[in-house]
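Here is how the chains run, residue by residue.
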Amino acid sequence: MLDLLLLLVGLVGLWVGSELLIRAAISLADRYRVSDAYVGMVVLAIGTDLPEIFVAVEASMHTLAGEDYSAVVIGSAIGSCIGQFGLVFGIAGCFGFAARPFRWGLRNAVFLLGGLAALALFSLDGLITRTQGWLLIGFYAAYLLSLALWRTPAESSTIELPQHTLSKDLTWLLLGFLLLLGAAELTVTHAVGFAGYVGLSQLSVSAVIIGMGSSLPELSVSLVALWRGRGGLSVGNLMGSNVLDTLLVPGIGAALSSLPVPPEVITVDIAVQALVTVLVLTFLYVSPRGIKMPEALLLLAIYIGYISVRLTH
């Protein structure tokens, strides 16, 4: 059970490290007058997804050293995507997300669904090659470029004065980065050990435990943003995080070491991710209701069903 204890320590380290980075990022964004939507989709998305990025890099380095940790990369990435749209939108949605203008959803739909289609296509033969990994990274770079070219200015009413000095923000960023580095090593190593101990596959443990654990920063940000009346931060963070997890995390993993993909990833994990993505986009950008209690409970039910399947197969 030592593996389970150290795995939990690693997950807590990922959460605390992300919290340090997130707080510093919000303060820096407010300092430089960046809009909530842009902060959410870029600054917070990258900050809250650093656990998945560090896990992917660490697992790929183990694979390069001759150990097969490839399932950790794809499992944690897709598990986190499903956790963010199923678990986080499900819990935070109980407090209500207002509908967003349809035009705002077009770019998100293109990169969320297009990125997922590219990931599924590259996975069909059971292996994401290094070249395909770089293509996924390039697709994410195009997403960042689109955000930079069509960035909306911040509204003065949403800007808060920075709560810390610039030097303190930079210090928190550095500490959060170092904490994530150490926590990623603990998480990857002991997730694999725990999987062997309980008789589950690396894919299942990564999708459920790491995926759920790495969704905690997004849940924290969403609840705090809703409480402060800054829903744009929450929606932007979740949208940007899922684009990053779909494209950049497996892209980095495959670019470092070609990434084997089990067949059930397409039929189970990617299929569920596509379902919750379409539902969230429809709820937020097509329906005038936004996400309220019924929609949130549906997303939660899908997530619970996914976890049940992953833990029994």
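Being a predicted model, the structure only gives us computed values, none of them experimental. (Residues numbered from 1 in each chain as written. Predicted model: local features only at pLDDT ≥ 70, side-chain atom pairs only at ≥ 80, totals over all residues. Heavy atoms only, no water.)

Novice: Please provide a residue-by-residue account of the overall build of the chain, values included.
Specialist: Scanning the chain for helices and strands turns up twelve helices and two strands. Along its sequence from the N terminus, the chain presents helices and strands in the succession α-α-α-α-α-β-α-α-α-α-α-β-α-α. Considering the chain as a whole, with its 313 residues, one finds that 55% of them fall into the buried category. Counting contacts in the chain only where the partners sit at least 6 residues apart, residues at least 24 apart contribute 88% of the total. Roughly 12,700 Å² of accessible area belongs to the chain as shown, and the carbon and sulfur atoms make up 73% of that amount. (Helix = DSSP H or I, 4+ residues; strand = E, 2+ residues; numbered from the N terminus. Buried < 20%, exposed > 50% of the residue type's maximum accessible area, 1.4 Å probe, protein only. Contact = heavy atoms within 4.5 Å. Areas by Shrake-Rupley, 256 points an atom, 1.4 Å probe, with all protein chains shown as cover.)

Novice: Tell me about the confidence of the model for the chain, and please be specific about residues and values.
Specialist: When pLDDT is averaged across the chain, the result is 81; 83% of the residues are at 70 or more. Per-residue pLDDT stays below 50 along residues 155-159; that stretch engages in five contacts with residues further than four places along the chain or on separate chains. (pLDDT = per-residue confidence, 0-100.)

Novice: Outline the pattern of salt bridges, listing residues and values.
Specialist: All chains considered together, the criterion is met by two salt bridges. Note that R310 and D269 form a salt bridge whose closest N and O atoms lie 2.7 Å from each other. Of the two residues, R310 is situated in helix α12 (residues 293-312) and D269 in helix α11 (residues 263-285); the sequence distance between them amounts to 41 residues. According to the relative accessible area criterion, R310 is buried, its value standing at 3%. Residue R289 pairs with E295 through a salt bridge whose shortest N-O separation is 2.7 Å. Taking relative accessible area as the criterion, R289 reaches 37% and is therefore assigned partly exposed. E295 sits in the buried class, given a relative accessible area of 9%. (Salt bridge = Lys/Arg side-chain N within 4 Å of Asp/Glu carboxyl O.)

Novice: Kindly report on the side chain of S60, identifying the contributing residues and their values.
Specialist: Topologically, S60 is positioned in helix α3 (residues 50-64). The exposure class of S60 is buried, given its relative accessible area of 2%. A distance of 2.9 Å separates the side chain of S60 from the backbone oxygen of A56, its partner in a polar contact. A distance of 3.3 Å separates a polar side-chain atom of S60 from the backbone oxygen of G253. (Polar contact = N/O pair within 3.5 Å; in protein donor to acceptor, adjacent residues only side chain to side chain.)

Novice: Lay out the environment of H62 with the relevant residues and their values.
Specialist: Summarising the element assignment, H62 is placed in helix α3. Residue class for H62 comes out buried when judged on its relative accessible area of 13%.

Novice: Let's hear about the packing of helix α4 (residues 70-92) against helix α8 (residues 202-213): which residues, and what values?
Specialist: Running from amino to carboxyl end, α4 crosses α8 at an angle of 40°, the nearest separation of the two axes being 7 Å. The angle between the axes of α4 and α8 places the two elements in the oblique class. Judged by the twist between their axes, the crossing of α4 over α8 is right-handed. Of α8, the residues touching α4 (which contributes S70, A71, V72, I74, G75, S76, G79, S80 and L87) are Q202, L203, S206, A207, I210, G211 and M212. Along the lines of polarity and charge, the residues of the contact of α4 with α8 split into eight nonpolar, eight polar and no charged. (Axes fitted to C-alpha atoms, helices over the stretch in contact; angles between N-to-C directions. Parallel < 35°, antiparallel > 145°, perpendicular 65-115°, else oblique. Left-handed = near helix turned anticlockwise from the far one by under 90°. Nonpolar A, V, L, I, M, F, W, Y, C, P; charged D, E, K, R; others polar.)

Novice: Give a detailed account of the nonpolar core, specifying residues and quantitative values.
Specialist: F85, F89, I128, M239, L284 and I291 are the most contacted members of the largest nonpolar core, which has 75 residues in total. It is α4 that contributes the most residues to this core, twelve residues altogether. If sequence neighbours within four positions are ignored, I128 has contacts with L119, F122, S123, G133, L136, A254, S258, L259 and V261. (Core = buried A, V, L, I, M, F, W, Y, C linked by side-chain atoms within 4.5 Å.)

Novice: Account for the packing of aromatic side chains, naming residues and giving values.
Specialist: By the definition in use, this model includes five aromatic pairs. Here the aromatic rings of F111 and Y143 are separated by 5.2 Å at their centres, their planes lie at 65°, and the arrangement is edge-to-face. Pair noted here: F111 is in helix α5 (residues 102-123) and Y143 is in helix α6 (residues 130-149), with a separation of 32 residues, a long-range link. Accessibility classification places F111 together with Y143 in one group, the buried group. (Phe/Tyr/Trp six-rings, centres within 6.5 Å; stacked < 30°, edge-to-face > 60°.)

Novice: Can you break down α4 residue by residue, with the values?
Specialist: Between its first and last C-alpha atoms α4 spans 32 Å; for 23 residues at 1.5 Å apiece the expected length is 33 Å, and the two agree. The buried fraction of α4 amounts to 22 of the 23 residues, a majority that puts the element mostly inside the structure. (Expected span 1.5 Å × (residues − 1).)

Novice: Would you mind going over the environment of L279 in detail, with residue names and values included?
Specialist: For L279, the position within the fold is in helix α11. Taking relative accessible area as the criterion, L279 reaches 18% and is therefore assigned buried. Each C-alpha atom, one on L279 and one on F85, is 9.1 Å from the other, the two residues being 194 residues apart in sequence. What L279 contacts, discounting residues up to four positions off in sequence, is L298, L299 and I302.

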